[in-house]
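Listed below, chain by chain, are the residues.
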Amino acid sequence: HSDRWASLIAPFPQEISLDHEYDLIFAILDNPWQMHLLESIKGWRDKSRYKACFIVEVWQPDLSNWRLLEEPFQNFDHIFLGVNHCTQQLTKLVDRPCTYLPLAVDTLRFCPYPEPIQRSIDVCNIGRRSPQIHEPLFKRSQEQNFFYYFDTIRKQKLEIENYLEHRCLLASLLQRSRYTINYFAKFNAPSETGGTEEIGSRFFESAAAGTVMIGMPPSGDTFPKYFDWTDAIVKVDFNRENIIDVIDNLDSQPERLAQISRNNIPNTLLKHDWVYRWRDILATFNLEVTPVMLEREQHLHQLAQRIQTETAIF
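Everything quoted here is computed from the prediction, not taken from an experiment.

Chemist: Explain empty space enclosed by the protein here, please?
Modeler: Where empty space is left becomes clear once a probe the size of a water molecule has been rolled over the atoms. Considering all chains together, one arrives at two cavities of 30 Å³ or more under this definition. Put simply, the second largest cavity is a space of about 30 Å³. Around the second largest cavity sit C124, N125, I126, L174, T180, I181, R202 and S206, which together line it. Those elements giving two or more residues to the lining of the second largest cavity turn out to be β7 (121-125), β9 (177-183) and α7 (201-208). Looking at the lining of the second largest cavity residue by residue, the class counts come to four nonpolar, three polar and one charged.

Structure (structure tokens):
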């Protein structure tokens, strides 16, 4: 029994009891191996009309892993995935409907309005990176008045002491960045992804903050579907093009840069806030949206309209 084995491998947190009946229990999981944690909630299967989960990452190699058993998925009426390539195959494997649910962002936290912030960071490169991009940017930062922000701790399992402070810091960095370097998810780890390309969270965060994104979006028609406005990303072949030349060329087009920033922020406010994903989830079960959701959507639309009529600071 998978639950019994899981409890032996990893201890459960303190048990919680549900005292009410719910329309929907919705679990958000980084990966399928976290499903056993739900067993710490006593009676969770019996206290709701519908049960669903959102799994942020499932890659093609995971589908052949012996740990990815069918049984845990039988607890759910619907499975949402943060990656697109695995939905059809997983549906067949677990005999449950699986739907692609794009990642999103708390757009109000990342939006640099109503008071635009001075963008004092020239380039922000967080997370995985390409040596062909990092090295010339670092060299310029040492030779010129050029602020290049990047991670300095690599290949270590780090713990975030306070997730809210972490998100606030990330938003603050991106709001102050002119350019961000963006790659498709796990671009340098094809053994983990099986060679598939997906939209990473940094695209949503960078666009919400109004940066000019430079980089490699995932191939296929998924990215153009969700980032369907002009210059959502300035595509660069990092194996052929010099990143310094790309930035110098963009810097010579200040009006274009201002327009990119002005486009990225309102489009993200209108399309990629988490409230829209929650609306899609509720619609799957024919559940009504809440007044708080409607208020947030109205606020997002009003803010987007205001930004579209003003000049973005870049």
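Chemist: What am I meant to see in the side chain of T193 here?
Modeler: With respect to the helices and strands, T193 occurs in helix α6 (residues 190-193). The exposure class assigned to T193 is buried, which follows from its relative accessible area of 2%. Look past the residues within four positions of T193 in its chain and what remains in contact with it is W59, Q60, P61, A185 and K186.

Chemist: Could you clarify how one ought to interpret the nonpolar core in this entry?
Modeler: Note that soluble globular proteins tend to have their nonpolar side chains buried in a common cluster. Among the nonpolar cores identified, the biggest contains 44 residues, and I199, F227 and L269 are the most heavily contacted of them. Those elements that place two or more of their residues in this core are β4 (48-55), β7, α5 (163-175), α7, α8 (222-226), α10 (254-271), α11 (274-284) and α12 (291-308). Take this core: its biggest share by element is five residues, from α12. Contacts of F227, omitting those with residues within four sequence positions, involve I199, F203, F204, A207, M213, A232 and H272. Among the nonpolar cores identified, the runner-up in size contains 23 residues, and Y148, Y183, I244 and L257 belong to it.

Chemist: I would appreciate a short explanation of a nonpolar patch on the surface in the present structure.
Modeler: Together, I160, Y163 and L164 make up a nonpolar patch on the protein surface, roughly 350 Å² of accessible area in all. If you trace the backbone, I160 turns up in the loop between β8 (148-150) and α5. The exposed category is assigned to I160, whose relative accessible area is 51%.

Chemist: Before we go on, may I ask you to explain the pattern of salt bridges in this structure?
Modeler: Note on pairing: side chains with opposite charge can pair once their charged atoms come close. In total, this model carries 16 salt bridges according to the counting rule given. Across the pair D248 and R140 runs a salt bridge, and its minimum N-O distance is 2.9 Å. Of this pair, D248 sits in helix α9 (residues 243-251) while R140 sits in helix α4 (residues 131-143), placing them 108 residues apart in sequence. The class for D248 is partly exposed, based on a relative accessible area of 34%. Beyond isolated ion pairs, a larger network of salt bridges with shared partners links D106, R109, D273 and R296.

Chemist: Help me understand α4, please; the structure alone is not making it clear to me.
Modeler: Quick reminder: α-helices carry 3.6 residues per turn. Residues three or four places apart thus point the same way. Compared with an ideal rise of 1.5 Å per residue, which puts 13 residues at 18 Å, α4 spans 18 Å between its outermost C-alpha atoms and is within 8% of the ideal. Among the residues making up α4, those that are buried are I133, H134, L137, R140 and S141. Taken down its axis, α4 places every buried residue within 135° of arc, on the same side. Away from its buried face by more than 90 degrees, α4 exposes E135, K139, Q142 and E143. Looking at the buried side of α4, the elements it contacts are β7, β8, β9 and α9.

Chemist: Help me out: how do you make sense of the sheet that holds β9 in this one?
Modeler: The strands that make up a sheet are held in pairs by hydrogen bonds between backbone atoms, and each pair lies either parallel or antiparallel. Across the sheet, five strands lie side by side as β8-β7-β9-β10-β11; this open sheet has parallel pairing. In this open sheet, the two edge strands, each paired with only one partner strand, are β8 and β11 (234-235). As defined by bridge partners, β7 adjoins β9 across three bridges and the pair is classed as parallel. Bridge pairing in β9 links I121 to S177.

Chemist: Could you clarify how one ought to interpret the packing of α5 against α7 in this entry?
Modeler: Packed helix pairs are specified by the crossing angle of their axes together with the interaxial distance, meaning the distance between the axes. In the contact formed by α5 and α7, the axes pass within 9 Å of each other and the chain directions differ by 60°. In terms of orientation, α5 and α7 fall into the oblique class. In terms of crossing hand, the pair formed by α5 and α7 is right-handed. Together, R167, L170 and L174 of α5 and R202, E205 and S206 of α7 make up the contact between the two elements. Here the contact of α5 with α7 is composed, by residue class, of two nonpolar, one polar and three charged.

Chemist: Before we go on, may I ask you to explain the packing of aromatic side chains in this structure?
Modeler: Scanning the model with the defined rule gives 15 aromatic pairs in all. Pairing F138 with F150 gives two aromatic rings, centres 5.9 Å apart and planes at 90°, and the pair type is edge-to-face. A residue pair is termed long-range when its members are at least 10 positions apart, and F138 in helix α4 and F150 in strand β8 qualify at 12 residues. The exposure class of F138 is partly exposed, given its relative accessible area of 35%. Looking at F150, the relative accessible area reads 19%, which means it is buried. Ring plane angle 85° and centroid distance 6.4 Å describe the contact between F184 and F187, whose orientation is recorded as edge-to-face. In this structure, F184 and F187 share a single accessibility class: buried. Members of the aromatic cluster, joined through ring pairs, are F203, F204, F223, F227 and W229.

Calculation rules
Residues numbered from 1 in each chain as written. Predicted model: local features only at pLDDT ≥ 70, side-chain atom pairs only at ≥ 80, totals over all residues. Heavy atoms only, no water. 1 Å grid on protein atoms, 1.4 Å probe; cavity = no way out; pocket = protein on both sides within 12 Å on 5 of 7 lines; lining within 4 Å. Points joined across faces, edges and corners; volume = space filled by probe spheres on them. Helix = DSSP H or I, 4+ residues; strand = E, 2+ residues; numbered from the N terminus. Nonpolar A, V, L, I, M, F, W, Y, C, P; charged D, E, K, R; others polar. Buried < 20%, exposed > 50% of the residue type's maximum accessible area, 1.4 Å probe, protein only. Contact = heavy atoms within 4.5 Å. Core = buried A, V, L, I, M, F, W, Y, C linked by side-chain atoms within 4.5 Å. Patch = residues over 30% accessible without salt bridge, like charges linked within 9 Å, V, L, I, M, F, W, Y side chains within 5 Å. Areas by Shrake-Rupley, 256 points an atom, 1.4 Å probe, with all protein chains shown as cover. Salt bridge = Lys/Arg side-chain N within 4 Å of Asp/Glu carboxyl O. Expected span 1.5 Å × (residues − 1). Arc of directions from axis to C-beta. Pairing = 2+ DSSP bridges. Axes fitted to C-alpha atoms, helices over the stretch in contact; angles between N-to-C directions. Parallel < 35°, antiparallel > 145°, perpendicular 65-115°, else oblique. Left-handed = near helix turned anticlockwise from the far one by under 90°. Phe/Tyr/Trp six-rings, centres within 6.5 Å; stacked < 30°, edge-to-face > 60°.

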